[in-house]
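Below, each chain spelled out in residue letters.
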Amino acid sequence: MATIHLHETTTATPEQFVAALTDFGPGRSDIFGRSADEYLKVHDQGPDHADVTEGSGGVWERLQYDWSDPHRVVMTTTDSNTWGGASGHTYTLTPQPDGTTDVDVVVVRDGKNVKGRVIGAVLAVAGKRVLRKELGKTVKAIEARNDEGRAAAAT
């Protein structure tokens, strides 16, 4: 089992970050490179939760999203062709006095079959570097999305 801790700082507010994390519409892959639109299926959604299947590159998982805490999004894997056990993601968003937000992410990957165990072993060795790069892209995409929203509102 691989547990990977990541950290970024963003100019997005916790509310803006949660809004992007929980936007399951078309173009999700623009924010999350590992969530291809053709895999995306929303099974159920409420004001502070969702049941969603997503993935890419032959790996998919069904996630139970919970954002009832406005500074924390917990994504628990409920089914997958690769992941099982304690797999999931937790995003903790902490506003800072300078207006930025600290984004702390914990990714747990518990392989449920040979494919999952092999990918999990690779993630345990090189995953932090790869996932840090992906988180950096996500943060930049969310900031760009918010900048576009501000520009549109100013017009």
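Heads up: these notes are all about the structure in this document. (Residues numbered from 1 in each chain as written. Predicted model: local features only at pLDDT ≥ 70, side-chain atom pairs only at ≥ 80, totals over all residues. Heavy atoms only, no water.)

### Describing the sheet that holds strand S1 (residues 2-10)
What links the strands of a sheet is backbone hydrogen bonding, and the strands pair in either a parallel or an antiparallel sense. Stated precisely, the cut-off is as follows: The pairing criterion is simple: DSSP has to find at least two bridges between the two strands. Numbering of helices and strands runs from the N terminus; a helix is a DSSP stretch of H or I covering at least four residues, while a strand is a stretch of E covering at least two. Only the stretch in contact is used when fitting a helix axis, every axis being a line fitted to C-alpha atoms; angles between N-to-C directions are given from 0 to 180 degrees.
Strand order across the open sheet formed by seven strands is S1-S7-S6-S5-S4-S3-S2, with antiparallel pairing between neighbours. Strands with a single pairing partner mark the edges of an open sheet, and in this sheet they are S1 and strand S2 (41-45). This sheet shows a mean twist of 20° between the axes of neighbouring strands, independent of strand direction. For strand S5 (residues 72-80) and strand S6 (residues 88-95), the ladder comprises five bridges, and the chain directions are antiparallel. Counted as the bridge partner of Arg 72 is Thr 92 from S6.

### Looking at a nonpolar patch on the surface
For clarity, the cut-off: Patch rule: a residue counts if its relative accessible area is over 30% and it has no salt bridge; like charges are joined within 9 Å, and nonpolar side chains (Val, Leu, Ile, Met, Phe, Trp, Tyr) within 5 Å. Residue burial considers only the protein chains on display, and all accessible areas are found by Shrake-Rupley using a 1.4 Å probe. Only one rule defines a salt bridge in this text: a Lys or Arg side-chain nitrogen within 4 Å of an Asp or Glu carboxyl oxygen. Relative accessibility decides the category of a residue: with a 1.4 Å probe and only protein chains considered, values under 20% of the type maximum give buried, values over 50% give exposed, and everything between is partly exposed.
Nonpolar side chains collect at one region of the surface, where Val 114, Val 118 and Val 122 lie side by side and expose about 280 Å² of accessible area between them. Inspection of the secondary structure puts Val 114 in helix H3 (residues 114-154). When its relative accessible area of 58% is taken as the criterion, Val 114 is described as exposed.

### Digging into the packing of aromatic side chains
For clarity, the threshold we go by: By convention, a stacked pair of Phe, Tyr or Trp rings (six-membered ring in the case of Trp) has centres within 6.5 Å and planes under 30 degrees apart, an edge-to-face pair has planes over 60 apart, and any other such pair is tilted.
Under the defined criterion, the tally for this structure stands at two aromatic pairs. Ring centres 6.2 Å apart and planes at 45° place the aromatic pair Phe 17 and Tyr 91 in the tilted group. Of this pair, Phe 17 sits in helix H1 (residues 14-21) while Tyr 91 is found in strand S6, placing the two residues 74 residues apart along the sequence. When its relative accessible area of 9% is taken as the criterion, Tyr 91 is described as buried. An angle of 80° between the planes, with centres 4.9 Å apart, marks the rings of Phe 24 and Tyr 65 as edge-to-face. Highlighted residues: Phe 24 in the loop between H1 and helix H2 (28-31) and Tyr 65 in strand S4 (residues 59-69), separated in sequence by 41 residues. Comparing Phe 24 with Tyr 65, the two get one shared label, buried.

### Quick notes on H1
Which entries qualify depends on this criterion: Arc definition: it is the arc formed by the directions from the helix axis to the C-beta atoms.
Every buried residue belonging to H1 is among Pro 14, Phe 17, Val 18, Ala 20 and Leu 21, and all of these are buried. One side of H1 holds all its buried residues, which, seen down the axis, span an arc of 160°.

### A short note on the nonpolar core
Basically, it comes down to this: Side-chain atoms within 4.5 Å link the members of a nonpolar core, which is a set of buried Ala, Val, Leu, Ile, Met, Phe, Trp, Tyr and Cys residues. Any two residues having at least one pair of non-hydrogen atoms within 4.5 Å are treated as being in contact.
Residues Phe 17, Tyr 65, Trp 67, Val 73, Tyr 91 and Val 105 are the most contacted members of the largest nonpolar core, which totals 31 residues. Broken down by secondary-structure element, the contributors of at least two residues to this core are S1, H1, strand S3 (49-56), S4, S5, S6, strand S7 (101-109) and H3. Here this core gets six residues from one element, more than from any other, and that element is H3. With near-sequence residues (within four places) excluded, Trp 67 lies in contact with Val 18, Thr 22, Phe 24, Gln 45, Gly 46, Pro 47, Asp 48, His 49, Ala 50, Arg 72 and Val 73.

### A word on the pairing of S3
Most of S3 sits out of view: seven of its eight residues are buried. Direction of pairing for S2 relative to S3: antiparallel, over a ladder of four bridges. Each bridged residue has a counterpart across the sheet, and for Gln 45 the counterpart in S3 is Ala 50. Bridge count between S3 and S4: eight bridges; the pairing is antiparallel. The residue bridging Ala 50 from the neighbouring strand is Tyr 65, located in S4. Counting the residues in the hairpin turn of S3 and S4 gives two residues, including Gly 57, whose phi is positive at 55°.

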